[in-house]
Amino acid sequence: MNATVDPAEVARFDALGAQWWDEKGKMAPLHAMNPARLAFLRDALVRHFGRDARALRPLKGLSILDIGCGGGLLSEPLARMGGHVTGIDPAPGNVAIARAHAAASGLSIDYMPVTAEELAARGARFDVVVALEVVEHVADVSLFVRTAGRLVAEGGVLVLSTLNRTARSFALAIVGAEYVLRWLPPGTHRWEKFITPEELEATLAAAGFAAREKVGLAYEPLSGDFHLTGDLSVNYFLVAEREG
């Protein structure tokens, strides 16, 4: 098994099957996060590439790689915004679900059951490389970040999101989400695998990238929605560019 891939994590998500697209099922938190995640991605990419945020397809023509695409919850809206999207996932079952859903939705997305390392070894490069809610599930964060960086084309951008290692994230993302609200199966996350923004920035720097934007993502219990925030204590995004 590839050095960044944790077989237990792959098996856990591969077993989800059609539940990826059940908005009230085990992937409900990702469905709830998606509007805020997509708004952030759109705005960050529009700024980076000098696009018109008001355009119907503001990402038109950009090659976008979605690492750990799962069932395609992120890949599909990115394709609707005009991106030429490639989605990769080491779990074949996830890729099968993603392909079937994209076909039923009339979307052309290149889904492949491969790892980031395999794709990088082929010399693939993309304008945008996205890995959201993936870092906390890999076996080797440093190797994963270096590999993701290799996949970014000159002038491109790398966007990561993950969970901070704080008492607050333990209370909300593990105790709250997995054991109280039962949003996720117990054991989905391991607190010791969470990474602080400072640690992730240092890992990016070692890979030749500098963080340009940092934004938090917070849950609003009254509405059930997620919103962007300056508080990075639980979920957060980092947007990075190659240094020099």
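Scope of this entry: the structure provided in the associated data block. (Residues numbered from 1 in each chain as written. Predicted model: local features only at pLDDT ≥ 70, side-chain atom pairs only at ≥ 80, totals over all residues. Heavy atoms only, no water.)

Position of glycine 230 among the secondary structure elements: in the loop between β7 (225-229) and β8 (235-242). The exposure class assigned to glycine 230 is exposed, which follows from its relative accessible area of 72%. (Helix = DSSP H or I, 4+ residues; strand = E, 2+ residues; numbered from the N terminus. Buried < 20%, exposed > 50% of the residue type's maximum accessible area, 1.4 Å probe, protein only.)

On to the pattern of salt bridges, then. On inspection of all chains with the given rule, the structure shows 9 salt bridges. A salt bridge links arginine 165 to glutamate 199; the nearest nitrogen and oxygen atoms lie 2.7 Å apart. In this pair, arginine 165 is assigned in the loop between β5 (152-163) and α7 (167-180) and glutamate 199 in helix α8 (residues 197-206), connecting sequence segments 34 residues apart. The class for arginine 165 is partly exposed, based on a relative accessible area of 28%. The class for glutamate 199 is partly exposed, based on a relative accessible area of 31%. (Salt bridge = Lys/Arg side-chain N within 4 Å of Asp/Glu carboxyl O.)

Bridge analysis of strand β6 (residues 209-220) against β7 gives 5 bridges, and the strand direction is antiparallel. Of the residues in β7, the one forming a bridge with glutamate 220 is aspartate 225. Hairpin connection, β6 to β7: the antiparallel pair is bridged by 4 residues, and glycine 224 has positive phi, about 80 degrees. (Pairing = 2+ DSSP bridges.)

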